[in-house]
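Spelled out, the chains give:
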Amino acid sequence: MRSPKPALFLTMVAAGACVPLAAKAAPPAQIAPTPPPGKGEIVFFRHGSVLDGPVSCAVHENDAKVSSLPIGHYFVLAAEPGKHRYAVESEARDTINLQVESGEVQYVSCHIKMGVVVGRPVLVPATEAQFTAKKLKEVEPAKVTAAPAPPPS
Amino acid sequence: MYRGSNASERDFGPLARLVAGPYPTHIEQNFLFDRGERGRSGHKEKVGRILTRNPKRARGAVTACMIVVSLTGSPSRAQMPAVDHARAATAPVTIPALTTIELEILSPLSSRTSKTGQVFALRLVQPIVIDGKVIVAAGTPGEGEVLNAKHSSFGGSPGMLMLIARSMTIDGRALRLRSMHIDQSGANHMGAAIATSVVVPLVGLLVQGGETNVAAGTHAMARTAEDFTIAPAPKPDATNGDVQ
């Protein structure tokens, strides 16, 4: 009787060759959850690099801290529809206005640009593809606080 | 396709001529000449000559074509939605919330010159059609807002433009719009600036980011933010002779 070893060997080689193909079709690194009913969502993320140094990227709204973004992290913030203004600050302040719509997810990336003394964080609109391009860790949801409503003007 | 300023007349010409009865020879010649324009010039002349030599035969052929066209219907006419503005409607028409529309930006915007909060003009590109009727015509004006405008700065920071659609004016009322997000950034040189400064301290501060521009004529998709009912216009009073 003929030994089944060669056939078994070939099968194993073929299966091994298929592994890289399967790895290419891997799901995105992270996915933003669906916004709660009647609300929109903003995903703040920071890829960052070693060049960023120890500069923090703490996101504020209405002068209240929402959360901090260490390098390689993201957090998801549910927000009421309407205009929102978020800020990051170090030696200079940078802001971004967002029009939040119910049921929509928007992405904002934090970068560190060069400053005179220390780096300056800046907020830049981003896309879902940029968000999912690298694997990021989620900031603990308990450390994310929705800002209080702005005072009536 | 027919060309020229009287293209629409020619589209419905065969049916009109069929109803009108006898056809002058020059109309037949134009009809066939126009068809011949799609081919080479030699073909065009040949068609013209046949028509001139055998007017009865050509007239019969043209009539047969017209009958076929009138029975089957003109494709351009069949595919065209009935242009019937809400003013002519008999019942109120509601444009549902989240109706997708296409808008065109009418003025050029640049991160170098635009200001946050600046309002810019928009117009509707495709008409809003409900149940085969044009409810809001193409070209209806609207307005958008520059949500964020930052010019590029030192340290390689790029210029940024974020644009949203605010509203469209229909019959003097504003229909609120949403979901148009044009977010553009110029070339980001922040990494290059930091890397340069690692080699030569502070020189990276001189690195400038790129500006970004949104050209006039840029199209973007948006959605209506709310249900919007268009009431029918009051019927003209038949007694005062306003009806024309």
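All of the points below concern the structure found in this document. Keep in mind that what you see is a predicted model, and the values were worked out from it rather than measured.

Side note on a nonpolar patch on the surface
Here is step 1: Taken together, Val 198, Val 199, Val 200, Val 203 and Leu 206 of chain B make up a surface patch of nonpolar side chains, about 490 Å² in accessible area.
Here is step 2: By secondary structure assignment, the location of Val 200 of chain B is in the loop between helix H7 (190–199) and strand S11 (213–214).

Focus on the interface of chain B and chain A
Here is step 1: Counting residues at the interface gives 26 residues for chain B, matched by 23 residues for chain A.
Here is step 2: Contact between chain B and chain A buries roughly 2000 Å² in total, counting both sides, with carbon and sulfur atoms accounting for 59%.
Here is step 3: It is Arg 178, Met 190 and Ile 194 of chain B that lose the most area in chain B upon contact with chain A, and together they represent 25% of the buried surface on that side.
Here is step 4: For the interface between chain B and chain A, the tally reads four salt bridges.
Here is step 5: The shortest N-O distance in the salt bridge between Arg 178 of chain B and Glu 104 of chain A comes to 3.2 Å.
Here is step 6: In this structure, the connection of chain B to chain A is made through 10 residue pairs in polar contact (both at pLDDT 80 or more).
Here is step 7: Elements with a minimum of two residues in the side of chain B that touches chain A: strand S7 (141–150), strand S8 (160–170), strand S10 (182–185) and H7 of chain B.
Here is step 8: When residues in the side of chain B that touches chain A are grouped by element, the largest group, five residues, is from H7 of chain B.
Here is step 9: A per-class count over the side of chain B that touches chain A returns 11 nonpolar, 11 polar and four charged.

Some words on the packing of aromatic side chains
All names here are of chain A.
Here is step 1: Summed over all chains, the structure comprises five aromatic pairs over all chains.
Here is step 2: For the pair Phe 44 and Phe 75, a centre-to-centre distance of 5.1 Å together with 25 degrees between the ring planes defines the contact as stacked. Residue Phe 44 is located in strand S1 (residues 40–46), and its partner Phe 75 is located in strand S4 (residues 73–79); the two are separated by 31 residues in the primary sequence.
Here is step 3: Phe 44 gets classed as buried once you look at its relative accessible area, which sits at 0%.

Some thoughts on the layout of surface pockets
Here is step 1: Estimated volume of the largest pocket: approximately 410 Å³.
Here is step 2: Along the walls of the largest pocket sit 22 residues, with Tyr 107, Pro 125, Ala 126, Thr 127 and Gln 130 of chain A positioned nearest its centre.
Here is step 3: Those elements that provide at least two residues to the lining of the largest pocket are strand S7 (105–113), strand S8 (120–126) and helix H2 (128–132) of chain A together with S10 of chain B.
Here is step 4: The leading source of residues in the lining of the largest pocket is S7 of chain A, at five residues.
Here is step 5: Per-class residue counts for the lining of the largest pocket are nine nonpolar, 11 polar and two charged.

A closer look at the sheet that holds strand S6 (residues 93–100) of chain A
All names here are of chain A.
Here is step 1: The sheet built from four strands is open, its strands ordered S3-S2-S5-S6 with antiparallel pairing. Since the sheet does not close on itself, it has two edges, and those belong to strand S3 (64–68) and S6, each with one partner. Geometrically, the sheet is characterised by an average inter-axis angle of 30 degrees between neighbouring strands, direction not taken into account.
Here is step 2: When strand S2 (residues 58–61) meets strand S5 (residues 82–89), the two strands line up antiparallel, connected through two bridges. Paired with Glu 61 across the bridge in S5 is Tyr 86.

Rules behind the numbers
Residues numbered from 1 in each chain as written. Chains lettered and ligands numbered in written order. Predicted model: local features only at pLDDT ≥ 70, side-chain atom pairs only at ≥ 80, totals over all residues. Heavy atoms only, no water. Patch = residues over 30% accessible without salt bridge, like charges linked within 9 Å, V, L, I, M, F, W, Y side chains within 5 Å. Areas by Shrake-Rupley, 256 points an atom, 1.4 Å probe, with all protein chains shown as cover. Salt bridge = Lys/Arg side-chain N within 4 Å of Asp/Glu carboxyl O. Helix = DSSP H or I, 4+ residues; strand = E, 2+ residues; numbered from the N terminus. Contact = heavy atoms within 4.5 Å. Buried area = accessible area lost by both parts, 1.4 Å probe. Polar contact = N/O pair within 3.5 Å; in protein donor to acceptor, adjacent residues only side chain to side chain. Nonpolar A, V, L, I, M, F, W, Y, C, P; charged D, E, K, R; others polar. Phe/Tyr/Trp six-rings, centres within 6.5 Å; stacked < 30°, edge-to-face > 60°. Buried < 20%, exposed > 50% of the residue type's maximum accessible area, 1.4 Å probe, protein only. 1 Å grid on protein atoms, 1.4 Å probe; cavity = no way out; pocket = protein on both sides within 12 Å on 5 of 7 lines; lining within 4 Å. Points joined across faces, edges and corners; volume = space filled by probe spheres on them. Pairing = 2+ DSSP bridges. Axes fitted to C-alpha atoms, helices over the stretch in contact; angles between N-to-C directions.

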